[in-house]
Amino acid sequence: MAGAPGGRRGAGGLGPVALVVAGALSVQFGAAIAVMLMPVAGAVGVVTLRLVLGAAVMLLVCRPRLRGYGRADWGTVLAFGTAMAAMNMVFYQAVERIPLGVAVTLEVLGPLALSVLVSRRLINLLWAGLALGGVALLGGGGFGGAGLDPVGVACALAAGVMWAAYIVFSARTGRRFPQADGLALAMGVGAVLSLPLGIAVAGEALLVPSTIGLGLAVALMSSVLPYTLELLALRRLPAQTFAVLMSLEPAVAATAGFLLLDQALSWADVLAIGLVIAASMGAVRTQTRRAREADRGEPREAAPENRGKK
């Protein structure tokens, strides 16, 4: 699911792996802090703070060039930023209603489905079956009633769809803009789109200093810091290793939810998360194998990237 240039292997491998793990921890613990902030600012307000403050930091750090781009370039950035804002909006609506680990597990189905469709291998039926088995276990006796909130489940699945769109436009933006310029500009678009909603829903709560401070923490932990760590890691880490590590995010999210939000999971939930992780890893390995075969033959189009997210 991730695409990036390969890197050095061997003794230096532990360093980039640690950077990726640190990035995943930062993303999910940042999401847990966001859940803690929701009673004050609401899900929409938290998303607004995250995108606006994160965009401000990224634009100050990257200082992207604005001239020299065509209409298609700006259209790509606009689509990327729109997907980013929509993905975060529906994801935060999900974690307001269902446990963080469950929400991330359902969200991962979006990139997993994209990876399966891109690969076009019969073995992908196995990975799809494992993922569906995990979803069935999460649902238990049904997503309503005493089970999971159906609105939260729908929002998490919608976030997965938007994550798949995010991956596609992230890859296109990366090919049109240097370094992190495209990401910074897209975050600016997402901030502009979310700001009116945040003001309408959260109002003066967005101006409380303590709320701004926690919002800045969420922006740094969920956007700026993990992106920087992963960018450094991808210079030395093979793309397939990076993608496998990113497949562990549901487990990291469940841990963050347990430690910070007291969200305990049943053994069935743990098994369900494990099945989705296994399906994601299997899809990554299948896509990597296909890429190697393609490299021996005809040139192939670059695989979509699975990052920058949340």
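Treat the numbers as computed from the prediction; the structure is a model and nothing was measured. Residue positions are given per chain, counting from 1 as you read along its sequence in written order. In keeping with the predicted nature of the model, local features appear solely for residues at pLDDT of at least 70, side-chain atom pairs appear and are counted solely at 80 or more, and the whole-chain, interface and lining totals rest on all residues. Where side-chain values are given, they derive from all heavy atoms of the structure, hydrogens and water being excluded.

**Some remarks on the nonpolar core**
Counting residues in each nonpolar core, the largest one holds 73 residues, and the members touching the most others are Y92 and L100. Secondary structure elements are defined from DSSP: runs of H or I of at least 4 residues count as helices, runs of E of at least 2 residues count as strands, and each element is numbered from the N terminus. A per-element tally of this core places helix α1 (residues 14–62) first, with 17 residues. When residues no more than four places from it in sequence are discounted, the contact partners of Y92 are A34, M38, A43, V46, V47, R50, V218 and S222. Only buried Ala, Val, Leu, Ile, Met, Phe, Trp, Tyr and Cys residues count toward a nonpolar core, and they belong to the same one when joined by side-chain atoms within 4.5 Å. Exposure classes here rest on a 1.4 Å probe applied to the protein chains alone. A residue is buried below 20% of its type maximum, exposed above 50%, and partly exposed in between. Among the nonpolar cores identified, the runner-up in size contains six residues, and V20, A233, L245 and M246 belong to it. Every residue pair with non-hydrogen atoms within 4.5 Å of one another is taken to be in contact.

**Focus on the packing of aromatic side chains**
Here a pair means two rings of Phe, Tyr or Trp (six-membered ring of Trp) with centres within 6.5 Å. Their orientation is stacked below 30 degrees between planes, edge-to-face above 60, and tilted elsewhere. Summed over the entire model, instances satisfying the criterion amount to five aromatic pairs. Ring centres 5.9 Å apart and planes at 85 degrees place the aromatic pair Y69 and W74 in the edge-to-face group. On the basis of an interplanar angle of 35 degrees and a centroid distance of 4.3 Å, the ring pair of Y69 and F177 is categorised as tilted. Of this pair, Y69 sits in the loop between α1 and α2 (71–95) while F177 sits in the loop between α5 (150–176) and α6 (181–202); the two residues are 108 residues apart in sequence, bridging distant segments of the chain. The same class applies to Y69 as to F177, namely buried. Put simply, the rings of Y69, W74 and F177 touch in pairs and so form one group of aromatic residues.

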